[in-house]
Each structure stands twice: as structure tokens, then as C-alpha cells.
Amino acid sequence: MNFPRTEKYDKEFLKKNMMGPNSIMILEELLKEVPLKPEMRVLDLGCGNGLTSIFLAKEYGVQVFALDLWISATDNYRRFQEAGVGESVIPIHADARKMPFADGYFDAVVSVDAYHYVGNNDTFFPEKVRPLLKNDGVAAVSFPGMKYEVKDNVPEEMKPFWPEEALEMWHSIEWWKPKFEDRLEHLKMWEMRCFDQAWNDWLETDNPYAVGDRAMIRTDNGRYMNLIGITGRVE
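Here the structure is a predicted model, which means the values were calculated and not measured.

Conventions and cut-offs
Residues numbered from 1 in each chain as written. Predicted model: local features only at pLDDT ≥ 70, side-chain atom pairs only at ≥ 80, totals over all residues. Heavy atoms only, no water. Helix = DSSP H or I, 4+ residues; strand = E, 2+ residues; numbered from the N terminus. Contact = heavy atoms within 4.5 Å. Axes fitted to C-alpha atoms, helices over the stretch in contact; angles between N-to-C directions. Parallel < 35°, antiparallel > 145°, perpendicular 65-115°, else oblique. Left-handed = near helix turned anticlockwise from the far one by under 90°. Nonpolar A, V, L, I, M, F, W, Y, C, P; charged D, E, K, R; others polar. Pairing = 2+ DSSP bridges.

Colleague: How would you summarise the side chain of Ser 142 if you had to cite specific residues and measurements?
Modeller: Secondary-structure assignment places Ser 142 in strand 5 (residues 133-146). Once residues within four sequence positions are removed from consideration, Ser 142 is found in contact with Ile 26, Leu 30, Ser 111, Val 112, Asp 113, Ala 114, Met 192, Ile 228 and Gly 229.

Colleague: Please give an account of the packing of helix 2 (residues 23-30) against helix 3 (residues 51-60) that cites residues and values.
Modeller: Direction vectors running N to C along helix 2 and helix 3 enclose 45°, while the axes themselves pass 9 Å from each other. Between helix 2 and helix 3, the angle is such that the two are oblique. The element helix 2 and its partner helix 3 pack so that their crossing is right-handed. For the pair helix 2 and helix 3, contact is made by Ser 23, Ile 24, Leu 27 and Glu 28 and by Leu 51, Thr 52, Phe 55 and Leu 56, respectively. Tallied by class, residues from the contact of helix 2 with helix 3 come to five nonpolar, two polar and one charged.

Colleague: Let's hear about the sheet that holds strand 2 (residues 63-68): which residues, and what values?
Modeller: Read from one edge to the other, the open sheet built from seven strands follows the order 3-2-1-4-5-7-6, with strand pairing classed as mixed. Every interior strand has two partners, whereas the edge strands, strand 3 (89-93) and strand 6 (185-191), have only one. In this sheet, adjacent strand axes meet at a mean angle of 15° when their direction is disregarded. Examined bridge by bridge, strand 6 and strand 7 (residues 225-233) share five bridges and lie antiparallel to one another. If you follow Met 189 over to strand 7, its bridge partner there is Ile 230. Contacting strand 4 (106-112), strand 5, strand 6 and strand 7, helix 2 runs over the sheet at an angle of about 130° to strand 4.

Written out as C-alpha cells, the structure is:
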């Protein structure tokens, strides 16, 4: 699969700032059919080091609110300035469960490799995300998942790599479907095609977490893990 938008970005810059599988590649696939327009207000939920926020600002001309709990707003602001999007991206250090925004403020909420940490329940979307979106607002999220439910029957060879807390968050599309199907119109849920490419980019970095993930992906060998993409609109 080709990713022309992703290919424009400096590979060393991406490697330096990745915190998991290539987030802008994932975002490029996720937004392929999402009609973001210049000057929309977009919440980047769990932006990490801000790669996805930079991508949103540069590629779509939207105003981005880059929220993350673990990365400081100051560090992200420096990155945004260096990337030339300091005027388009607002860095925010906050907990996704206590977001400081007005109801109906955003045209879209985007989240890559973060939503599963807080959204693996029946309340997060309707209570925390939906109120922030305008009528006809867009939700587009992607996160690690499973091809089928394994929580109660973990393959023996994967047990060293999948801690119990991870299995509380990594689920199949069928498991996630009830969290969204009555809350989003024009709902699309799919196994993302960029899985191998996005993971390979991450595993080629020297990040200690990436080094630790290499054996997991090699052992999985395409059998269990996936990336899940979800898009839709609120009424």
C-alpha cells in the first residue's frame, strides 16, 4: 500500500519521535475517506510526541488541539515550532478523562494508538468524546487490536509478551463494535492494511520499547494482532 503523504516526512525525524507503530502512516490510511477541511477544529486525543498533530496541520490545514497526558505541552510546542506549525497546533497537557473543552467545540476528534487506554468501556465515548463534537462531527480512531478474542485463551507462545493489562485493552473488532455502532452514523470498522509497514518502521528505531517489541511481532507472525481503524459521524 502506498502512503504518499507519509513519504514526504523526514525518516530520521519520524524515528526520533515515534512512540509506537508509525502513527502518521496509520493516520493517512485512517483519514483516506474522512472529509477534513481547512480551518476545522480537530482534537488530537493522545497525541504523544505530536507527529499526528503536525501531520494534521500540514496535510489538512486544520487547527489542532494536541492533548497528551505523558508528554509536556512545552516539549510538544518546541516540536511544533520546529516543524513550522506552531501557529496551527495548540499543545495541551491533560488527562483524556478530564478534558478542558467546551461541549460542541470540535469538528473532529482523531486518536491514533491512544484511545484504547481510556475508551475500552461503555462510558468514555458517550460521556467524554461525544459531547465535544459538533452535530455531524467526525470521529476517527485507530488502536492495537486482535483478529479475534484471545483474553481467555492466550496462545502459549504469546504469554511472555502480552501482560494482563494489555489484554484488557487489545480486543477484536466484534468486541469494539457495540462501543460505537449505536453512537456513530456511517460507521466503518476495519483491520488496517498498514499494519506491517507501520510496525516495521517502529521496529527499525532504536527506542528501547521498539527493541523489546521485535520478538513479540516475530513470534506473532501475523496470526493474532492487528490495527483497528474506526470512522464515523455523530448525529
